[in-house]
Amino acid sequence: MIIREREPLNLEFPFDQLDGFITPTDLFYIRSHFPAPELNSTSYELRVEGAVERPFSLSLDELRAMPHETVTATLECAGNSRVFLVPQEQGAQWELGAVGNAEWTGVRLSTLLARVGLKPNVCEIVLEGADRGEPKEKPKPPQAISFSRSVPLPKALQPEVLVAYRMNEQELSRDHGFPVRAIVPGHYGMASVKWLTRIEAVETPFSGYWQTSEYAYWDDMNCNPVRRPLSEMMLKSAIARPSMYELVPQNQTYSIFGAAWCGSGNLKAVEVSTDSGETWSSAELIDPVQPFAWRRWRHQWKTPSRPGRHILLSRAWDEKGNGQPLQHNPRHGSYLIHHAVPIHVFVE
Ligand SMILES: Nc1nc2c(c(=O)[nH]1)N[C@H]1C(S)=C(S)[C@@H](COP(=O)(O)O)O[C@H]1N2
Ligand SMILES: [Mo]
């Protein structure tokens, strides 16, 4: 793993090692803003409260005894690929590997919300983690804060949204949120709050640090820029191999390989260009369509007979005909970096 930060721990998956559909847990990126709290499985308690009829707490055993589901979901950090922004932006300089695809097991959030009884005006569900600290980026809040984020109620009620306690058929590891985390498939990783200890139903939109200062973007409302929380993942494909500046043998068949995903809807096609975007050919999709999970793809490239530098690109399309952009949208600042990243290779 590529170490981006040691404390708090931030590890990136070397994306050129992409192999299976499921990312093994020890290769799954870690993105933490505060030191990982050490929660104890016997004293662990999850509170469900706020604008509700019957607030309650659950122990880990009680949670595990409830009906459970398993969902395969791709998590991508909203700052993934930041290193490719020009000019450079503040924040962790992720390359392509702050993304992974895992199997998550837990109780549907909607099951807990049905049990607690939501008041009629509830509009969002706030998920709070047990980690606390002072954020690094300005404007800094006046005191230590927790990692808390809200999910709009309609999404919180979707069957794929889990209060998860297993990842790839094992207990969650400490850095991935032991003992319990939220999994919000289709949304950027920040929505999947780790070390989840409190679920609060609210009747007015939550505007905490992690969805206004950080993990937010400028939307346009009739020519007025308005700040909105990031939510759904954007359509994206990325080339795993060859990697940047790789030497590629001439006059051979090279299998260009990568993955593609999107937050909502279904990914339909991936195209590859080996001439810096002048011509495109369709890649072969390896994995079938599955909501919220990535699809690996490959394209057999007949490498040129003459040595030289070549620029490779991949571009994803969804079933509505939306294509992955070729440039970063400046309104999105240092997040939502989903444009086609040119991979320079040398044929020799
Ligand atoms: N409590 C808590 N939850 C968190 C975070 C955090 O710092 N604290 N980081 C978020 C971010 S930004 C991402 S991208 C994902 C990463 O999950 P992972 O570390 O299991 O890959 O967790 C999210 N959940
Ligand atoms: Mo993230």
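That block above? That's the structure.
Since the model is a prediction, treat every value here as computed from it, not as a measurement.

Turning our eyes to something else, we now look at the sheet that holds strand β8 (residues 124–133). By definition, the strands of a sheet pair up through backbone hydrogen bonds, in either a parallel or an antiparallel sense. Spatially, five strands are ordered β5-β4-β13-β8-β9 in an open sheet, and the strand pairing comes out mixed. Where the open sheet ends on each side, the last strands, each with one partner, are β5 (56–59) and β9 (145–152). Taken over all neighbouring pairs, the strand axes of this sheet differ in orientation by 20 degrees on average, direction set aside. Bridge analysis of strand β4 (residues 45–50) against β5 gives four bridges, and the strand direction is antiparallel. Directly across from V48, in β5, lies its bridge partner F56. Along the sheet, helix α2 (residues 109–116) contacts β4, β5, β8 and β13 (196–202); its crossing angle with β5, the most-contacted strand, is approximately 140 degrees.

On to α2. Of the residues making up α2, those classed as buried are L109, S110, L112, L113 and V116. The buried residues of α2 occupy an angular sector of 160 degrees when projected down its axis, which confines them to one face. G117, located one to two residues past α2, shows a positive phi value of around 75 degrees.

Ligand 1 sits among 19 residues. The nearest are Y29, D131, H176, R181 and K194. Between ligand 1 and D131 there is a distance of 2.7 Å, counted from a nitrogen atom to a side-chain nitrogen or oxygen. Within the backbone of S192, a nitrogen or oxygen atom sits 3.0 Å from a nitrogen atom of ligand 1. Taking 530 Å² as the accessible area of ligand 1 by itself, protein coverage stands at 100%. Elements supplying a minimum of two residues to the shell around ligand 1: β3 (30–31) and β8. Its residues assigned to classes, the shell around ligand 1 comprises nine nonpolar, six polar and four charged.

F15, W104, L112, I125, V163, L196 and I199 are the most contacted members of the largest nonpolar core, which has 77 residues in total. With five residues, the top contributor of residues to this core is strand β10 (residues 162–167). Looking at which domains feed residues into this core, each of domain 1 (37–74 + 100–229) and domain 2 (236–347) gives three or more. If we ignore the near neighbours within four places in the chain, the residues touching V163 are L46, L63, G106, V107, L109, L112, V180, R181, L196 and I199. L235, L267, V270 and V272 belong to the second-largest nonpolar core, a separate cluster that totals 19 residues.

Calculation criteria
Residues numbered from 1 in each chain as written. Chains lettered and ligands numbered in written order. Predicted model: local features only at pLDDT ≥ 70, side-chain atom pairs only at ≥ 80, totals over all residues. Heavy atoms only, no water. Pairing = 2+ DSSP bridges. Helix = DSSP H or I, 4+ residues; strand = E, 2+ residues; numbered from the N terminus. Axes fitted to C-alpha atoms, helices over the stretch in contact; angles between N-to-C directions. Contact = heavy atoms within 4.5 Å. Buried < 20%, exposed > 50% of the residue type's maximum accessible area, 1.4 Å probe, protein only. Arc of directions from axis to C-beta. Near = heavy atom within 4 Å. Polar contact = N/O pair within 3.5 Å; in protein donor to acceptor, adjacent residues only side chain to side chain. Areas by Shrake-Rupley, 256 points an atom, 1.4 Å probe, with all protein chains shown as cover. Nonpolar A, V, L, I, M, F, W, Y, C, P; charged D, E, K, R; others polar. Core = buried A, V, L, I, M, F, W, Y, C linked by side-chain atoms within 4.5 Å. Domains from an automatic or database assignment.

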